[in-house]
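Structural description and commentary
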Amino acid sequence: MPVFVPASLEEAFAVLEGAPGAQLLAGGTDFMVEVNAGQRRPATVVALGAVPELKGWRLDGDEVVLGAGLTYTEMISPELAELVPGLAQAARTVGSPQIRNAGTLGGNIATASPAGDTLPMLMALGATMTLGRSDGGRRAVGLDELVVGPKRTTLQPGEVLLEVRVRAGAGRQEFLKVGTRNAMVIAVASAAVVVDFERRSVRVALGSVGPVVIRAEEVEREAAKLIDWDARRLVGPLEGSGDFGELVRTAARPIDDHRSTAAYRRHAAGVCVTRAFRRAFSSEESTAP
Ligand SMILES: Cc1cc2nc3c(=O)[nH]c(=O)nc-3n(C[C@H](O)[C@H](O)[C@H](O)COP(=O)(O)OP(=O)(O)OC[C@H]3O[C@@H](n4cnc5c(N)ncnc54)[C@H](O)[C@@H]3O)c2cc1C
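Residues numbered from 1 in each chain as written. Predicted model: local features only at pLDDT ≥ 70, side-chain atom pairs only at ≥ 80, totals over all residues. Heavy atoms only, no water.

**Looking at the environment of lysine 55**
Note that lysine 55 resides in the loop between strand E3 (45-47) and strand E4 (57-60). Of the residues examined, lysine 55 reaches a relative accessible area of 49% and is grouped as partly exposed. Residues lysine 55 and valine 84 lie 29 residues apart in sequence; the distance between their C-alpha atoms is 17 Å. Once residues lying within four places of it in the same chain are set aside, the contact partners of lysine 55 are Gly49, Ala50 and Gly67. (Helix = DSSP H or I, 4+ residues; strand = E, 2+ residues; numbered from the N terminus. Buried < 20%, exposed > 50% of the residue type's maximum accessible area, 1.4 Å probe, protein only. Contact = heavy atoms within 4.5 Å.)

Rendered as structure tokens:
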């Protein structure tokens, strides 16, 4: 099996043009698990780890541009965590230090697992993904246009996820995850909440409780009614308003599987969202879940 290691994006696209069925490899933390389990048998591999254009992050006006090859360890770095704290919270919950050093944002998105830990926060932040083709074509899509089912994306053969854009310092961001233990765990349920005081908006996304990440718009509308935007505080207890947790449980579409019952997933999602809101309005610095 030929493995190409291009040293630039141009080189990567040149290889993909000659072998459109080639499979992309980033950190390999999903890819190699599937190869080892016999679920993936690539004819040709294009390893993206040496492509500088996909690495790191930069500021572009009021946006943070995150390379597809950004690792979890980089997401946690203090400079980036200050600009996108919710992503750093999510990254802290991923795997082990080894996985966080190797695994990438692009790999998490392209794997399209309902339990992918960066996905709820990207949805809550309204992130835009840029995809590129060898003919120079580029398209920008939201997460809901890219990830369309469990392990299903609209990425076309030969297309590469290049970067992800989010607004820098977009309000209070909270990510919470429930699993069967504290570390090295796939989420049973997770939630991301972004309360944007400048835009007076609330966005809520749920992970691991549906085939894809779910944006809970009804929850957002009800939550917005509980916020005094000028004072930047909650004006009523979350539980008091039409049973907030119940709204979350209704938004969730979980399944029973070996990790959890659907009923527990609904319950856990409700707890995560309620707690995330409390943290978003707490004067103390939020802590990683
Ligand atoms: C022990 C262990 C623990 C884990 N814990 C967690 C966890 O807690 N939370 C979590 O969310 N995940 C977890 N994972 C899953 C995995 O680490 C993440 O999904 C990771 O982000 C995958 O990134 P990668 O760079 O390793 O991708 P790879 O494995 O290299 O690739 C994954 C997929 O993405 C595609 N791809 C990669 N880059 C691009 C690109 N630029 N454009 C288009 N397609 C691309 C590949 O073709 C492949 O289909 C864990 C995995 C292991 C082995």
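**Regarding the sheet that holds E3**
On the basis of which strands lie adjacent, the open sheet formed by 3 strands has the order E1-E3-E2 and parallel pairing. On the outer flanks of this sheet lie strand E1 (3-4) and strand E2 (23-25), each paired with one strand and no other. The sheet contact formed by E2 and E3 spans 3 bridges and is parallel. From the neighbouring strand, leucine 25 faces E3, where its bridge partner is alanine 47. (Pairing = 2+ DSSP bridges.)

**Focus: the sheet that holds strand E6 (residues 128-132)**
Read from one edge of the open sheet, 5 strands run E4-E5-E10-E6-E7, paired in antiparallel fashion. The strands lining the two open edges of the sheet, one partner per strand, are E4 and strand E7 (138-142). Pairs of neighbouring strands in the sheet enclose a mean axial angle of 25°, with direction left out of account. Sheet topology note: the E4/strand E5 (residues 63-67) ladder contains 4 bridges and is antiparallel. Its bridge partner lying in E5, leucine 59 is registered against valine 64. Together, E6, E7 and strand E10 (160-167) form the strand contacts of helix H1 (residues 9-18), whose direction differs from that of E10 by roughly 135°. (Axes fitted to C-alpha atoms, helices over the stretch in contact; angles between N-to-C directions.)

**Considerations on the pairing of strand E11 (residues 172-178)**
By the criterion of burial, E11 is predominantly enclosed, with 6 of the 7 residues buried. With 7 bridges connecting them, E11 and strand E12 (residues 189-196) associate as antiparallel partners. The residue of E12 that forms the bridge with leucine 176 is alanine 191.

**Points about the confidence of the model for the chain**
Chain-level statistics for the chain give a pLDDT mean of 94 and a share of 96% at 70 or above. Within the model, the stretch residues 284-289 combines pLDDT values under 50 with 14 contacts to residues more than four positions away or in other chains. (pLDDT = per-residue confidence, 0-100.)

**Things to note about the packing of helix H11 (residues 244-251) against helix H12 (residues 262-280)**
Remark: H11 packs on H12, axes separated minimally by 8 Å, with the N-to-C direction vectors making an angle of 130°. Taken together, the axis directions place H11 and H12 in an arrangement best described as oblique. You can see that H11 and H12 cross each other, and the crossing is right-handed. In contact with Phe244, Gly245, Val248, Arg249 and Thr250 of H11, H12 contributes Arg266, His267, Ala269, Gly270, Val273, Thr274 and Phe277. Taken together, the residues of the contact of H11 with H12 sort by class into 5 nonpolar, 5 polar and 2 charged. (Parallel < 35°, antiparallel > 145°, perpendicular 65-115°, else oblique. Left-handed = near helix turned anticlockwise from the far one by under 90°. Nonpolar A, V, L, I, M, F, W, Y, C, P; charged D, E, K, R; others polar.)

**Description of the site of the ligand**
Inspection of the region around the ligand gives 32 residues, with Leu24, Thr29, Asp30, Tyr72 and Thr104 positioned closest. The side chain of threonine 104 places a nitrogen or oxygen atom 2.6 Å from an oxygen atom of the ligand. Within the backbone of valine 185, one N or O atom sits 3.4 Å away from an oxygen atom of the ligand. At the level of elements, E2, helix H2 (31-36), helix H7 (105-111) and E10 are the ones that each hand at least two residues to the shell around the ligand. (Near = heavy atom within 4 Å. Polar contact = N/O pair within 3.5 Å; in protein donor to acceptor, adjacent residues only side chain to side chain.)

**Re the pattern of salt bridges**
This model, assessed by the stated rule, comprises 17 salt bridges. Among the ionic pairs, aspartate 117 bridges to lysine 177, the shortest N-O distance being 2.5 Å. On the criterion of sequence distance, the pair formed by aspartate 117 in the loop between H7 and helix H8 (119-125) and lysine 177 in strand E11 is long-range, its members being 60 residues apart. The partner of glutamate 220 in a salt bridge is arginine 215, and the shortest N-O contact between them spans 2.9 Å. Each of Arg58, Asp60, Glu63, Glu163 and Arg165 takes part in one network of salt bridges that share partners. (Salt bridge = Lys/Arg side-chain N within 4 Å of Asp/Glu carboxyl O.)

**Quick notes on unusual backbone geometry**
Excluding glycine, most residues fall at negative phi; most peptide bonds, likewise, are trans. Positive phi values are uncommon outside glycine, yet alanine 112 reaches one of about 60°. With respect to the helices, strands and loops of the structure, alanine 112 is situated in the loop between H7 and H8. Positive phi, close to 70°, is recorded for serine 208, a residue that is not glycine. Mapped onto the elements, serine 208 comes out in the loop between strand E13 (201-207) and strand E14 (214-215).

**Let's talk about helix H10 (residues 217-225)**
Among all positions of H10, only Val219, Glu220, Glu222 and Ala223 are buried. The inward-facing, buried residues of H10 abut E13, E14, strand E15 (227-228), H11 and H12.

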